[in-house]
Amino acid sequence: MTCYKFPREIRGIIFDMDSTLYTSEEYNRFQYEAPVKKLALLKGLSFDDMDAQIEAYQDEWAGTHEGKRTSMGNVFAAFGIPIKESVLWREELLDPSRFLSEDPRLQKTLKILVQNFSVSIVTNNPVSVARKTLAVLGVEQFFGHIIGLDTTGISKPHPEPFLKAAREMNLSPEQCISVGDRYDIDLAIPLSLGMGGVLVKGAEDVYELPRVLGIGE
């Protein structure tokens, strides 16, 4: 876990979801491979060729953006699949119940956090997929605010999803921290907006947040 410039007064926490609230390499791989296979079929390519083209695009994009990588939603848009279509694909293809299960430690952690902070989700998955994921983990009740790819029609990294989350919690960016597993996607923009940031490697780091924020039992 790495913490970046916490605000003087933290009142809200904006969580990424995938690979932040759970740890599952199998599901991570599936979330990449399933839509890429669908795109490859549409383009008349093999999966390997499509994968290579995506990697080449990411490398080219990083070369003009200080080495940063962009989201798969933005990559797919570059290959002719608009965000609205990406939302439909993800809703069709992704079933978190195949890969994830209830997480009592995460439930306990979030129960502590919501007693002290407003919390929200900002994810590049659709809201419906986010709700399914949170339900499988047993933590849906803790999140009244979910900003998905279909909420703003804009994929992270971009200011608007994070600003939307802050507005829904009735907070300023300077009162929030963003928690996620990818610096370029989940933290760089929030930090530029005046938020704090916590880079995690998965749920195991999230369990430690109450201690890090000084509110543990």
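Here, every reference points to the structure presented above.
So, how was this worked out
- Residues numbered from 1 in each chain as written.
- Predicted model: local features only at pLDDT ≥ 70, side-chain atom pairs only at ≥ 80, totals over all residues.
- Heavy atoms only, no water.
- Helix = DSSP H or I, 4+ residues; strand = E, 2+ residues; numbered from the N terminus.
- Buried < 20%, exposed > 50% of the residue type's maximum accessible area, 1.4 Å probe, protein only.
- Contact = heavy atoms within 4.5 Å.
- Areas by Shrake-Rupley, 256 points an atom, 1.4 Å probe, with all protein chains shown as cover.
- Lys, Arg positive; Asp, Glu negative; His and termini not counted.
- Charge placed at Lys NZ, Arg CZ, Asp CG, Glu CD.
- Pairing = 2+ DSSP bridges.
- Axes fitted to C-alpha atoms, helices over the stretch in contact; angles between N-to-C directions.
- Phe/Tyr/Trp six-rings, centres within 6.5 Å; stacked < 30°, edge-to-face > 60°.
- Lys NZ or Arg CZ within 6 Å of the ring centre and 35° of its normal.
- Salt bridge = Lys/Arg side-chain N within 4 Å of Asp/Glu carboxyl O.
- Parallel < 35°, antiparallel > 145°, perpendicular 65-115°, else oblique.
- Left-handed = near helix turned anticlockwise from the far one by under 90°.
- Nonpolar A, V, L, I, M, F, W, Y, C, P; charged D, E, K, R; others polar.
- Core = buried A, V, L, I, M, F, W, Y, C linked by side-chain atoms within 4.5 Å.

Enquirer: For this particular structure, what's the right way to read the overall build of the protein chain?
Expert: Along the backbone of the protein chain there are 11 helices and 6 strands. Seen along its three principal axes, the alpha-carbon backbone of the protein chain occupies a region of about 55 × 35 × 25 Å. Here the protein chain, with 217 residues, has 49% of them falling under the buried criterion. Residue pairs at least 24 apart in sequence account for 70% of intrachain contacts in the protein chain once pairs closer than 6 positions are excluded. In the structure as shown, the protein chain presents an accessible area of about 10100 Å², 48% of it carried by carbon and sulfur atoms. Distance from the positive charge centre (23 side chains) to the negative charge centre (31 side chains) of the protein chain: 4 Å.

Enquirer: Any chance you could explain the sheet that holds strand S5 (residues 176-180) here in plain terms?
Expert: The mixed open sheet is built from 6 strands, whose spatial order is S1-S6-S5-S2-S3-S4. Of all strands in the sheet, those bounded by a partner on one side alone are strand S1 (2-4) and strand S4 (145-147). In this sheet, neighbouring strand axes are inclined to one another by 20 degrees on average, regardless of whether the strands run parallel or antiparallel. Note that strand S2 (residues 12-15) and strand S3 (residues 118-122) share 4 bridges and pair parallel. In the strand pairing of S3, Gly 12 is matched with Ser 118. This element, helix H8 (residues 159-168), spans S2, S3, S4 and S5 of the sheet and lies at about 165 degrees to S4.

Enquirer: Please clarify how the packing of aromatic side chains should be interpreted in this entry.
Expert: The description of two aromatic rings rests on the distance between their centres and on the angle between their planes. If you walk through the whole model with that rule in mind, you get 7 aromatic pairs. Ring plane angle 35 degrees and centroid distance 5.8 Å describe the contact between Tyr 22 and Tyr 27, whose orientation is recorded as tilted. When sorted by exposure, Tyr 22 lands in the same class as Tyr 27, which is buried. Ring pairing ties together the aromatic residues Tyr 22, Tyr 27, Phe 30 and Phe 99, which thus form one cluster. Over the aromatic face of Trp 89 sits the side chain of Lys 38, whose NZ or CZ is 5.3 Å from the ring centroid.

Enquirer: Even after reading the chapter, I still don't get the pairing of S2, so can you show me in this structure?
Expert: The side chains of a regular strand alternate, residue by residue, between the two faces of the sheet. Here S2 shows no split at all, with Gly 12 and Ile 14 on one side and Ile 13 and Phe 15 on the other all buried. Relative to S5, S2 runs parallel, the two being bridged by 4 bridges. Within S5, the position partnered with Gly 12 by the bridge is Cys 176.

Enquirer: Looking at this structure, I do not really get the pattern of salt bridges. What am I missing?
Expert: Opposite charge on two side chains lets them pair, provided their charged atoms get close. Tallied over the full model, the rule gives 10 salt bridges. Here Glu 140 and Arg 131 are joined by a salt bridge, their closest N and O atoms 3.9 Å apart. Accessibility expressed as a relative area gives 31% for Glu 140, which makes it partly exposed. What makes Arg 131 partly exposed here is its relative accessible area of 37%. Two residues, Lys 164 and Glu 168, come together in a salt bridge whose shortest N-O distance is 3.4 Å. Highlighted residues: Lys 164 and Glu 168, both in helix H8, separated by 4 residues, approximately one helical turn.

Enquirer: Mind showing me how you'd approach the packing of helix H1 (residues 25-43) against helix H4 (residues 83-93) here?
Expert: The angle between the axes and the distance between the axes are what describe a pair of packed helices. Contact pair H1 / H4: the axes reach a minimum separation of 10 Å and the direction vectors enclose 120 degrees. Taken together, the axis directions place H1 and H4 in an arrangement best described as oblique. Classified by chirality, the crossing of H4 by H1 is right-handed. Contacts between H1 and H4 pair Phe 30, Gln 31, Ala 34, Pro 35, Lys 38, Leu 39 and Leu 42 from the former with Trp 89, Arg 90, Glu 92 and Leu 93 from the latter. When the residues that make up the contact of H1 with H4 are grouped by side-chain class, the tally is 7 nonpolar, 1 polar and 3 charged.

Enquirer: Quick question: what am I supposed to make of the nonpolar core here?
Expert: Core analysis: the largest hydrophobic core is formed by 37 residues, its most contacted members being Ile 13, Phe 15, Leu 21, Leu 113 and Phe 143. Looking at this core, the elements that each hand over two or more residues are S2, helix H5 (104-114), S3, helix H6 (127-137), S5 and helix H10 (203-206). Looking at this core element by element, the count peaks at 6 residues for H6. When neighbours within four sequence positions are excluded, Phe 143 is seen to be in contact with Phe 15, Leu 21, Leu 110, Val 119, Ser 120, Ile 121 and Leu 134.

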